[in-house]
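# Coordinates in review
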Amino acid sequence: MSNSRREPGSTPLHSVSVAGAVVREDGRVLVIRRADNGAWEPPGGVLELAESPEEGVVREVLEETGVEVAVDGLTGVYKNTARGIVALVFRCTPSGGVERTSQESTAVDWLTPAEVEERMGEVYAVRLLDALDGAGPHVRSHDGRRLRTAR
């Protein structure tokens, strides 16, 4: 059974989230270790109704990491088909602030692309690797654990 909310005769509702692929000059990317499950992920969260996607990613990155960013552009759209979540990922450049943890993060780090592949689950690592390849925006679906292959 789907977790998507649905009223009789209507289309299932989806949640929209945003995440920042924050890339330093040395090519390292910003990640957090989530407080709730210990997983390494790019900083991000649910987009609020009154904000644009770009405003949301700036807010989420700052809240979770203490890093201020400038948004460079959309690098990917990722759908979690099991949970009905659509994530918009934006490549960002750090512009200020100081790294710190938050209620949502127990660690903040800057990883190389190789470290991203080692430490992160597939559905989150691909978001950062896609942002680094410059070929996007990418559009991908996953079940929460594994990417779905295109048909």
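Everything discussed here concerns the structure shown above.
The sections below set out a description of the structure shown in this document. Residue numbers here run from 1 along each chain, matching the order of that chain's written sequence. Residue-level local features of this predicted model are given only where pLDDT is at least 70; pairs of side-chain atoms are given and counted only at 80 or more, and the full residue set underlies all totals for whole chains, interfaces and linings. Heavy atoms from the whole structure form the basis of all side-chain values; hydrogens and water molecules are not counted.

Every helix listed is a DSSP run of H or I at least four residues long, and every strand listed is a run of E at least two residues long, numbered separately from the N terminus. Counting secondary structure elements, the protein contains three helices and eight strands. In the protein, the succession of helices and strands from N to C terminus is β-β-β-β-α-β-β-β-α-α-β. In this setup the radius of gyration rests on C-alpha atoms only. A globule is expected at 2.2 Å times the number of residues raised to 0.38. Against the globule reference of 15 Å for 151 residues, the protein gives a C-alpha radius of gyration of 15 Å, in line with a compact fold. Taking the principal axes of the C-alpha coordinates as reference, the protein spans close to 50 × 35 × 30 Å. A 1.4 Å probe rolled over the protein chains alone gives each residue an accessible area, and that area as a share of the maximum for its type sets the label: buried under 20%, exposed over 50%, partly exposed in between. By the burial criterion, 37% of the 151 residues in the protein qualify as buried. Counted over contacts in the protein with a minimum sequence separation of 6, partners at least 24 positions apart contribute 64%. Only carbon and sulfur atoms are counted for the fraction: they give 49% of the accessible area of the protein, which is about 8500 Å². In this analysis, two residues are considered to be in contact whenever any of their non-hydrogen atoms come within 4.5 Å of each other. Here the open area of atoms and residues is found with the Shrake-Rupley method and a 1.4 Å probe, where only the protein chains shown may cover a residue.

This brings us to the side chain of His 142. Relative to the elements of secondary structure, His 142 occurs in strand E8 (residues 138-142). A 3.5 Å cut-off defines polar contacts: any pair of N or O atoms within that distance qualifies, except that in protein one atom must be a possible hydrogen donor and the other a possible acceptor, and neighbouring residues in sequence count only when both atoms are side-chain atoms. Among the polar contacts made by the side chain of His 142, one reaches the side chain of Arg 127 at a distance of 3.1 Å. Beyond its immediate sequence surroundings of up to four residues, His 142 is in contact with Lys 79, Asn 80, Thr 81, Ala 82, Val 123, Arg 127, Leu 147 and Arg 148.

The next thing to look at is the layout of surface pockets. Each pocket or cavity is described by its volume, and for the largest pocket that value is around 750 Å³. Here a cavity denotes grid points, spaced 1 Å and computed from the protein atoms alone, that fit a 1.4 Å probe unable to get out, and a pocket denotes an open set having protein on both sides within 12 Å along at least 5 of 7 lines; residues with an atom within 4 Å of a point are the lining. As for the largest pocket, its lining consists of 33 residues, and the residues nearest its centre are Arg 34, Glu 41, Arg 83, Tyr 124 and Arg 127. Contributing elements (two or more residues each) for the lining of the largest pocket: strand E1 (15-22), strand E2 (29-34), strand E3 (40-41), strand E4 (44-46), helix H1 (53-65), strand E5 (67-80), strand E6 (85-97) and helix H3 (122-133). Counted by class, the lining of the largest pocket contains 13 nonpolar, nine polar and eleven charged residues. Grid points are joined across faces, edges and corners, and a volume is the space filled by probe spheres set on the points. All residues other than Ala, Val, Leu, Ile, Met, Phe, Trp, Tyr, Cys, Pro, Asp, Glu, Lys and Arg, Gly among them, are scored as polar; the first ten of these are nonpolar and the last four charged.

In space, the five strands of this open sheet follow the order E4-E1-E6-E5-E8, with mixed pairing throughout. Strands at the two margins of the open sheet, each flanked by one partner only, are E4 and E8. In this sheet, adjacent strand axes meet at a mean angle of 30° when their direction is disregarded. In terms of strand pairing, E5 meets E6 through twelve bridges, oriented antiparallel. Within E6, the position partnered with Gly 73 by the bridge is Arg 91. Note on method: axes are straight lines fitted to C-alpha atoms, helices fitted across the in-contact stretch only, with angles between N-to-C directions ranging 0 to 180 degrees. Where H1 meets the sheet, its contacts fall on E1, E4, E5 and E6, and the angle it forms with E5 comes to roughly 110°. Any two strands between which DSSP finds at least two bridges are classified as paired.

Further remarks concern the side chain of Ser 17. The residue Ser 17 is located in strand E1 in this model. Look at Ser 17 and you get buried, because its relative accessible area is 14%. Residues in contact with Ser 17, not counting those within four places in the same chain, are Gly 45, Val 46, Leu 47, Ile 85, Val 86, Ala 87 and Leu 88.

Here we come to the sheet that holds strand E7 (residues 105-111). With antiparallel pairing, three strands are arranged side by side in an open sheet as E3-E2-E7. Edge positions in the sheet fall to E3 and E7, since each has one partner strand and no second. Contacts from H1 reach E2 and E7 within the one sheet, and its direction differs from that of E2 by about 60°.

Let's shift gears to the pattern of salt bridges. One side-chain nitrogen of Lys or Arg within 4 Å of one carboxyl oxygen of Asp or Glu is enough to make a salt bridge. Summed over the entire model, instances satisfying the criterion amount to eleven salt bridges. In this structure, Arg 59 and Glu 63 form a salt bridge, with 3.4 Å as the shortest nitrogen-oxygen distance. Within this pair, Arg 59 and its partner Glu 63 are both found in helix H1, separated by four residues, close to a single helical turn. The class of Arg 59 is buried, set by a relative accessible area of 18%. Each of Glu 48, Glu 51, Arg 59, Glu 60 and Glu 63 takes part in one network of salt bridges that share partners.

Function cannot be inferred from these measures alone, as they are strictly geometric.
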